[in-house]
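So the chains spell out like this:
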Amino acid sequence: MFFKKLDKIVERAASAAYVKNSPPSGDDERLVKDLSQNMINIREKLHNTADFTNKEVLICGQKVQILTFEGMVSTINMAESLVEPLTSLQLENPTPQSLLYWVRYESVLAPEQREVYTLGDLFKALMSGFVGILIDGIDVAVVAGIQGFASRSVSEPDSEVNVRGSREGLVEPIRTNMALIRRRIKSSRLVFEFTGAGQTSKTDLCLCYISNMVSPEILEDVRSRISKIDLDIVLDSGYIQPFLDTNISSIFSNVGVTERPDTVCAKIAEGRVVVLVDGTPFALIVPYLFSENFQTLDDYAHRPFYSSFIRIMKYVSFFFTILLPGAYVAIATFHPELFPESLLFNIAASEETTPFPLMFEALLIHLIYEIMREAGLRLPRPIGHAVGIVGGLVIGDAAVTAGLIGAPMVMVVALTAISSFVVPSLYEPVTILRFIFIIVGGLFGMYGITLMLCVVSVNLCALNAYGVPATASASPYKLFNLRDVLIRASWKTLGKRTLKVQDLPGSEVGGKGGSL
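Bear in mind the structure is a predicted one, so any value in this text is a computation, not a measurement.

(A) Inspection of a nonpolar patch on the surface at higher detail. On the surface, Phe305, Tyr306, Phe309 and Met313 cluster together to form a nonpolar patch covering roughly 440 Å² of accessible area. Within the element layout of this structure, Phe305 appears in helix 10 (residues 304-334). Given a relative accessible area of 55%, Phe305 falls into the exposed group.

(B) Main features of helix 6 (residues 174-184). Buried residues of helix 6: Ile174, Asn177, Met178, Leu180 and Ile181, and no others. Angular distribution of buried residues about the axis of helix 6 spans 160 degrees; they occupy a single face of the element. Where helix 6 is buried, its residues meet strand 6 (190-197), strand 7 (203-210), helix 9 (261-268) and strand 9 (273-277).

(C) Broad picture of the layout of surface pockets. Of the voids in this model, the second largest pocket is the one considered here, and its volume is about 1100 Å³. Along the wall of the second largest pocket there are 38 residues; nearest its centre are Lys124, Met127, Ser128, Lys202 and Asp204. Those elements giving two or more residues to the lining of the second largest pocket turn out to be strand 3 (113-116), helix 5 (119-126), helix 6, strand 6 and strand 7. When residues in the lining of the second largest pocket are grouped by element, the largest group, 5 residues, is from helix 5. In terms of residue class, the lining of the second largest pocket is built from 15 nonpolar, 12 polar and 11 charged.

(D) Fine view of the packing of helix 10 against helix 14 (residues 407-420). Interhelical geometry of helix 10 versus helix 14 gives an angle of 160 degrees and a closest axis separation of 8 Å. When the interaxial angle is binned, helix 10 and helix 14 end up roughly antiparallel. Both helix 10 and helix 14 take part in a crossing whose hand is left-handed. Here helix 10 contributes Ser317, Phe320, Thr321, Leu324, Pro325, Tyr328 and Val329 to the contact with helix 14, which in turn contributes Pro408, Met409, Val412, Leu415, Thr416, Ser419 and Ser420.

(E) Unusual backbone geometry, seen in detail. Geometrically, the link from Val286 to Pro287 is a cis peptide bond, its omega value of -10 degrees lying close to zero. As for its position among the elements, Pro287 is in the loop between strand 10 (283-286) and helix 10. The phi torsion at Asn48 lies on the positive side, around 55 degrees, for a residue other than glycine. With respect to the helices and strands, Asn48 occurs in the loop between helix 2 (35-45) and strand 1 (52-59). Located in the positive-phi region is Tyr466, a residue other than glycine, with phi close to 55 degrees. Tracing the chain through its elements places Tyr466 in the loop between strand 11 (464-465) and strand 12 (468-469).

Rules and cut-offs
- Residues numbered from 1 in each chain as written.
- Predicted model: local features only at pLDDT ≥ 70, side-chain atom pairs only at ≥ 80, totals over all residues.
- Heavy atoms only, no water.
- Patch = residues over 30% accessible without salt bridge, like charges linked within 9 Å, V, L, I, M, F, W, Y side chains within 5 Å.
- Areas by Shrake-Rupley, 256 points an atom, 1.4 Å probe, with all protein chains shown as cover.
- Salt bridge = Lys/Arg side-chain N within 4 Å of Asp/Glu carboxyl O.
- Helix = DSSP H or I, 4+ residues; strand = E, 2+ residues; numbered from the N terminus.
- Buried < 20%, exposed > 50% of the residue type's maximum accessible area, 1.4 Å probe, protein only.
- Arc of directions from axis to C-beta.
- Contact = heavy atoms within 4.5 Å.
- 1 Å grid on protein atoms, 1.4 Å probe; cavity = no way out; pocket = protein on both sides within 12 Å on 5 of 7 lines; lining within 4 Å.
- Points joined across faces, edges and corners; volume = space filled by probe spheres on them.
- Nonpolar A, V, L, I, M, F, W, Y, C, P; charged D, E, K, R; others polar.
- Axes fitted to C-alpha atoms, helices over the stretch in contact; angles between N-to-C directions.
- Parallel < 35°, antiparallel > 145°, perpendicular 65-115°, else oblique.
- Left-handed = near helix turned anticlockwise from the far one by under 90°.

Below, the structure is given as structure tokens:
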């Protein structure tokens, strides 16, 4: 009874401290016919913000307000395609209705042009780079897309560097990303579907899919999850990724992230849904399988035997980076007889001079490495290089000379760090698993390592990505599915059948397993 009352008190205090930001009031207020009243309402709802600009002009004797937000439109295009045609317009029977008809149907002021009826729709359009046109006597605003805000140009992605293939990466403006995808898939079945998230930011989201490849159940599930996003601000794809993840209890995610438009095209051609978020160059892919973390576009550009070798090396590196530190601690602590005799003597001599137990030593050196990596990542690049040099001296020489860390442990850290960068998309779960295996190995030896590896494997096998097993195509097992998992078959084999992710064995999408 006491704890129930305590919970209510804590919940009441939390609700008082954290107030949910509600949508701005008045956004659903409709425009009126009186132009002056419209401007009063607009100025009032915008709280006289400094970046809002309006210009009243007379066009054929009719009062017209041209509305923009500073820095959001191209002034040159606005002058040429909108201001000049309007100011030089001559109508035989000038009325507000005839002027609206000309603007709406007899002119092309911008490629994207539409009517809006509420203040909320008008504000969203203006803040997206549209120009608003309000006519006195008309309760409708016409908005024309003349975007001209500053943005980064298309360049090579930093996080997914390939030897062969395109050098183009996604950028922050969502419509530029749509164009990069459309240029690669010139099909009428490629669909872009706009939605939004964030009550305050009103961030544009775009679902990309191929209509005849995507599963209707998966598409509807993605739509439903996005509609339930209850956030005030959405500034990055990472904000909505937890809402798209079907199993947050697992350390592995079934939502993929990519910065490459060609990767996006490859995934939607397999029946995936890709979510583009305005303001970030990273797209989200659902559903995403575990084996896809070990695949890159280079795998499909090189010859099959070399691609298979690289892929096997990635799997070995993954297990190497999560198991090596823990296995080293477990064997040195509980099973020293497993080391060769000469190596055992070297390890014993090295650890004899260190003051800490082996498990604590491993945790300390890996923590120091993560701290220096984070420092080098967040600092400016010139300083970041200096941090790397200092870190190499601290971990490599000074720590061993001072007797804080044994030389074999430095070698283990170096091998583990290098292996962790082979599969960069799994760096986050790999880092956590590495610490877990060190603790388990230091407490329970190789038996604990084996048991923990079984727990991780069971957790991974239980992960379900929108009705599709995360371990597909390896499990459930089917020989033909392995043509693009551990090894890669040639394109002559891969091109024989069109793969749909919902048709993989074990899939629950549509109520039946797949046949591939």
